[in-house]
Amino acid sequence: MSPIADRSRVLAVLGPTNTGKTYLAIERMLSYASGIIGFPLRLLARENYDRLVREKGRARVALVTGEEKIVPQGAEYFACTVESMPLDRAFEFLAIDEIQLAADPERGHVFTDRLLNARGLEETMVLGAETIRPLIRRLVPDAEFLSRPRFSQLTYSGPRKLTRLPPRSAVVTFSATEVYQTAELLRRQRGGTAVVLGALSPRTRNAQVSLYQSGEVDYLVATDAIGMGLNMDVDHVAFARLDKFDGRVPRRLRAPEVAQIAGRAGRHLADGTFGTTAEIGPLEPEIVEAVETHSFDPLSALMWRNTDLDFRSPDHLLRSLERRPPVPVLRRAAEADDHMALAALAKEPAVIDRTSSRAAVRILWDVCQIPDFRKILSDAHTRLLGEVFRQLTGPHGRLDTDWVARQIAHLARTDGDIDTLVGRLAHIRTWTYIAHRGDWVADPRHWQGKARSVEDLLSDALHERLTQRFVDRRQAVLVKSLKSGGDLLAAVTRTGDVVVEGEHIGRIEGFRFRPDTATHAEDARALMGAARRALKDEIAARVRRLEAAPHEAVALAPDGTLLWHGVTIARIAAGAQVLAPAAKPLASDLLEPQQRDRIAQRLTAWLGETVAETLAPLFRLRQAELSGPARGLAFQIAEGLGTLRRADVADMVATLDKSDRRRLQKLGVEIGGTFIFLPRLLKPRQVAMRGLLWAVARGAELPPPLPAAGSLTAHADTRMDASYYLAIGYPLAGDRACRADRLEALSAACAKLGRQGPFVPTPKLSQLAGCPMTALPGLLESIGFKGDAGPDGVVTYQRRPDRRRGDRRPKPQPDSPFAKLQALSARR
């Protein structure tokens, strides 16, 4: 146990999938000065490293996995795989994700070791399933527990034919052969599918997932590799098999394993469903109930392996690895790959001769931990480990540079089928791991780059092969047609019609292709490749035309869509500031990333010009040279999109002198008794723009509800809060939204009447506010006038005595900067 374990708070955050456990851990870590999180997959570590970089900057974040190390000097936050966590460093916060994997026969002992021994200086957090709760309570008695409910519902929908699965479905099976067969069937019936297997590199896996996420395909076929680390927009998970080979024997899936995979359906607040394919029949009712209610039998034991190793000799090391666990709930792990590799190498005389010292035995153990990503522990891998050990214990103490170069160069080939590329990719990942052992190779940065470039080369080639085979085999059909019957004719007409071999197969609208539903499905599949080829030059030309288009060629619709010559091509999106929105082009598989970026850049610039022109008074105010107090008020007005409640900035208003007020008045700012606003922004076009900007910045539904053009008051939409109506210049008054200048006029008129005593609302006041008499009481209440019914039943109004007028200098609060400034002035 770590010596700091007694001081560190240990919190176990437990719950099913889609409960925000990892998000919570990241937020907690960032509240400390330093922290580290161990993830079960390199993919997850990389994904969360990228998130941390976005939040804290590249110089403060490190990534440490077996195959990748990015450790800036002074890094404070580490995203790692569990095996690669640098536990010799101290961190204020430490977390382990998917802690229930401590029961996994292969890797469980590593998670168990982290549970027992890894601690943060201030806080330690373990994340996982409820099934591990009793064992954590037994092994870590001081641990606290926090249960997290799933954000969405997961419901069993029964068996369905593979060809009748709904879009956005993931089909799960448990061997590469079955994945390929299922993907072939879905390609023929549904036009394409993405493929995810555990043998894919993170780069290939991400590329395949992107095919699915972008909507280019609506189906995903995968092994149980999707059960962890892939957050996708999956609505339904269908099991095509319910048994798997676990490394020793075939067996039926257990309920928690079904739940882990089925939990990919429905992310965040979106509900999901799970079921089976018709070929294998329904799930057992008890498994369905367990998955839907997240109720599973608790784990009975965790895997354990001795970490107090004896390096006197290979035999002593083997015996220390086989030591029995100290408590009954810990079970000695079966021989892992590194253990079996050590046992094999310890029989070789050439290895034994080089292990006369503890240092040499430590090197041997480090070499045995080189992973075999092919998962076959073949003689070839054992021979590789033996050669690495012999060179590391040789006269130079490093791997021979020429030998390393030959090994990596031999793998830098993209010929062969999918299985061949998968094998090469697994092998180069082993070399990526070796290259990241900085003391094993000369110039480790060079070899890390070499190995990574080969891995990327093979990953891209594998993604291309998978895509060609399971997504777009139309290219192959097209080649056959060319060989047998001559060239295919493809063209785009001036009206956007796409014609291939005389067949009208669809239209190009903006930058997206719309297939013609009248085209026969078989013909469409065969001709689509030619259509894409024809559209390549057309898309490039359209991007250039958009960049050169005049301002008036683009329009912004009330629902936030951007139209070019009347066709929707993008949507408005939140930018860095509320007054600086961005443009997000509509998804299109015809656009290259660089073209999409060019469209976004052009439309974002157009949006900037349009917003600045529409809200010109606000931009002039924001850019004006003003004194400190006036500049602060101008900033608040801009952030509020042109309207503020005076009471909210009373302290700031009180500091304005006469010259400040005159300057603000010249800039169009009206400082009323109740509101501060720019009258020129109360016109319908300006109100619509303010509403759209508010809704985009807040992520609200578009288009936002707006008062009728030119109206003085309107019924408020209960879906929108008060800040929205204030932002558009129609503050809420009771259940109505009333234009700020009308409320201000009403307030002034009532104040004048109130100076003569209680008054009765009149039609003149109603006309002034632009509302019916029935709505007037609510308006009066909202601006600080209280109604009292007299003996005769007549309601009269007077200003509430507890209402502080916004046009009086307020009494500063004791802690406010203004109070401190007054006290300092008094002392002087």
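Residues numbered from 1 in each chain as written. Predicted model: local features only at pLDDT ≥ 70, side-chain atom pairs only at ≥ 80, totals over all residues. Heavy atoms only, no water.

(A) Representation of the overall build of the chain. Within the chain, the secondary structure is distributed over 29 helices and 34 strands. Here the chain, with 828 residues, has 49% of them falling under the buried criterion. Across the chain, every contact between residues at least 6 apart in sequence was considered, and the portion connecting residues at least 24 apart equals 66%. Approximately 39600 Å² of the chain is accessible, and the part contributed by carbon and sulfur atoms is 51%. (Helix = DSSP H or I, 4+ residues; strand = E, 2+ residues; numbered from the N terminus. Buried < 20%, exposed > 50% of the residue type's maximum accessible area, 1.4 Å probe, protein only. Contact = heavy atoms within 4.5 Å. Areas by Shrake-Rupley, 256 points an atom, 1.4 Å probe, with all protein chains shown as cover.)

(B) How the structure looks around the sheet that holds strand β27 (residues 643–645). As summarised here, the arrangement of the 3 strands in space is β27-β29-β28, forming an open sheet in which the pairing is antiparallel. One side of each edge strand has no neighbouring strand; the edge strands of this open sheet are β27 and β28 (670–671). As paired strands, β27 and strand β29 (residues 675–677) are joined by 3 bridges and run antiparallel to one another. Bridge assignment links Arg645 to a residue of β29, and that residue is Phe675. (Pairing = 2+ DSSP bridges.)

(C) Spatial organisation of the side chain of Thr204. As for its position among the elements, Thr204 is in helix α6 (residues 202–213). Apart from residues lying up to four places away in sequence, Thr204 is in contact with Leu425, Ser459, Leu462, His463 and Leu466.

(D) Just the environment of Pro105, in detail. Its location among the elements puts Pro105 in the loop between β6 (93–96) and α3 (108–117). By relative accessible area, which is 36% here, Pro105 ends up partly exposed. With 228 residues separating them in the primary sequence, Pro105 and Ala333 have C-alpha atoms 6.2 Å apart.

(E) Molecular detail of the packing of aromatic side chains. Under the defined criterion, the tally for this structure stands at 10 aromatic pairs. On the numbers, 5.4 Å between centres and 65° between planes, the contact of Trp403 with Trp431 is edge-to-face. In this pair, Trp403 is assigned in helix α14 (residues 401–411) and Trp431 in helix α15 (residues 418–435), connecting sequence segments 28 residues apart. Just as Trp403 is buried, Trp431 falls in that class too. An aromatic cluster is built from Trp694, Tyr724 and Tyr725, whose rings are joined through pairwise contacts. A cation sits over an aromatic face here: Arg168 above Tyr212, 3.8 Å from the ring centre. (Phe/Tyr/Trp six-rings, centres within 6.5 Å; stacked < 30°, edge-to-face > 60°. Lys NZ or Arg CZ within 6 Å of the ring centre and 35° of its normal.)

(F) Focus on unusual backbone geometry. Backbone torsion omega between Leu702 and Pro703 reads -5°, so that peptide bond is classified as cis. Counting through the fold element by element, Pro703 comes out in the loop between α24 (684–698) and β30 (713–715). Phi is positive for Arg168, close to 65°, though the residue is something other than glycine. Not every positive phi belongs to a glycine, and Asp443 is a case in point at roughly 55°. Topologically, Asp443 is positioned in the loop between α15 and α16 (444–470).

(G) Highlighting helix α19 (residues 593–614). Here α19 spans 31 Å end to end across 22 residues, near enough to the 32 Å set by a 1.5 Å rise per residue. Here α19 has its buried residues at Gln595, Ile599, Ala600, Arg602, Leu603, Trp606, Leu607, Thr610, Val611 and Thr614. (Expected span 1.5 Å × (residues − 1).)

(H) Representation of the sheet that holds strand β32 (residues 736–738). Within the open sheet, the 3 strands sit side by side as β30-β32-β31. Their pairing is antiparallel. Single-partner strands in this sheet number two, and they are β30 and β31 (732–733).

(I) Structural context of α15. Along its 18 residues, α15 runs 26 Å from first to last C-alpha, staying within 8% of the 26 Å computed at 1.5 Å per residue. Of all 18 residues making up α15, 15 are buried, and the element is well covered by its neighbours. Put simply, Asp417 is the residue that caps the front of α15, since its side-chain oxygen is 3.3 Å from the backbone nitrogen of Asp419. (Polar contact = N/O pair within 3.5 Å; in protein donor to acceptor, adjacent residues only side chain to side chain.)

(J) Main features of the pattern of salt bridges. In the structure shown here, the tally under the stated rule is 43 salt bridges. Between Arg168 and Asp218 there is a salt bridge; the shortest N-O distance is 2.9 Å. Pair noted here: Arg168 is in the loop between β9 (154–160) and β10 (169–172) and Asp218 is in the loop between α6 and β12 (219–222), with a separation of 50 residues, a long-range link. Judged by its relative accessible area of 30%, Asp218 falls in the partly exposed class. (Salt bridge = Lys/Arg side-chain N within 4 Å of Asp/Glu carboxyl O.)

(K) Local environment of the packing of helix α9 (residues 314–321) against helix α10 (residues 337–345). With their axes 10 Å apart at the nearest point, α9 and α10 run at an angle of 150° to one another. Relative to α10, α9 is oriented roughly antiparallel. Regarding α9 and α10, the two cross each other, and that crossing is left-handed. Contact residues: α9 offers Leu317, Leu318 and Leu321, while α10 offers His339, Leu342 and Ala343. Taken together, the residues of the contact of α9 with α10 sort by class into 5 nonpolar, 1 polar and no charged. (Axes fitted to C-alpha atoms, helices over the stretch in contact; angles between N-to-C directions. Parallel < 35°, antiparallel > 145°, perpendicular 65-115°, else oblique. Left-handed = near helix turned anticlockwise from the far one by under 90°. Nonpolar A, V, L, I, M, F, W, Y, C, P; charged D, E, K, R; others polar.)

(L) Geometry of the environment of Thr65. Within the fold, Thr65 resides in the loop between β3 (61–64) and β4 (69–70). For the pair Thr65 and Arg42, spaced 23 residues apart in sequence, the C-alpha separation works out to 6.3 Å. Excluding anything up to four places from it in sequence, Thr65 contacts Arg42, Ala45, Thr81 and Ser84.

(M) Region of interest: the nonpolar core. Membership of the largest hydrophobic core comes to 59 residues, with the highest contact counts inside it found for Val388, Leu399 and Trp431. Judged by nonpolar contacts, the second largest core, of 36 residues, contains Leu579, Leu633, Leu644 and Trp694. (Core = buried A, V, L, I, M, F, W, Y, C linked by side-chain atoms within 4.5 Å.)

(N) Examining the pairing of β12 more closely. Residues Tyr219 and Val221 line one face of β12 and the alternating positions Leu220 and Ala222 line the opposite face, and both faces are buried. When β10 meets β12, the two strands line up parallel, connected through 4 bridges. Each residue of the ladder has a partner; that of Ala170, found in β12, is Leu220. Pairing between strand β11 (residues 194–196) and β12: 3 bridges, direction parallel. Residue Val196 lies in a different strand from β12, and its bridge partner there is Ala222. Regarding the hand of the β-α-β motif, the stretch spanning β11, α6 and β12 is right-handed. (Right-handed = clockwise from strand over helix to strand, strands pointing away.)

(O) Quick look at the environment of Leu466. Along the chain, the position of Leu466 falls in helix α16. Sequence separation between Leu466 and Ala194 is 272 residues, and the spatial gap between their C-alpha atoms is 7.9 Å.

(P) Representation of the pairing of strand β25 (residues 567–577). Sheet topology places strand β24 (residues 561–564) next to β25; 4 bridges connect them, and they run antiparallel. Each residue of the ladder has a partner; that of Trp564, found in β25, is Val567. The loop that links β24 with its antiparallel partner β25 comprises 2 residues; one of these, His565, has a positive phi angle of about 50°. Bridge count between β25 and strand β26 (residues 580–585): 5 bridges; the pairing is antiparallel. Looking at β26, one finds that Ala573 is bridged to Ala582. Counted between consecutive antiparallel strands, the loop separating β25 from β26 contains 2 residues.

(Q) View of a positive patch on the surface. Residues Lys658, Arg662, Arg663 and Lys666 make up a contiguous surface patch of positive charge. Of note, Arg663 is situated in helix α23 (residues 658–666). The class of Arg663 is partly exposed, set by a relative accessible area of 36%. (Patch = residues over 30% accessible without salt bridge, like charges linked within 9 Å, V, L, I, M, F, W, Y side chains within 5 Å. Lys, Arg positive; Asp, Glu negative; His and termini not counted. Charge placed at Lys NZ, Arg CZ, Asp CG, Glu CD.)

(R) Expanded view of the side chain of Asp660. For Asp660, the position within the fold is in helix α23. No salt bridge forms around the buried Asp660; measuring N to O, its nearest opposite-charge neighbour Arg661 is 7.7 Å away. In this structure Asp660 touches Ser627, Pro629, Ala630 and Thr655, once residues within four positions along its chain are discounted.

(S) Layout of the confidence of the model for the chain. Confidence in the prediction for the chain averages 85 pLDDT; 89% of positions are at 70 or higher. At the low end of the mean pLDDT range in the chain sits helix α17 (residues 474–485), at 39; at the high end sits β6, at 97. Counting contacts from residues 472–487, a segment whose pLDDT is below 50, to residues more than four positions away or on other chains yields 24 contacts. (pLDDT = per-residue confidence, 0-100.)

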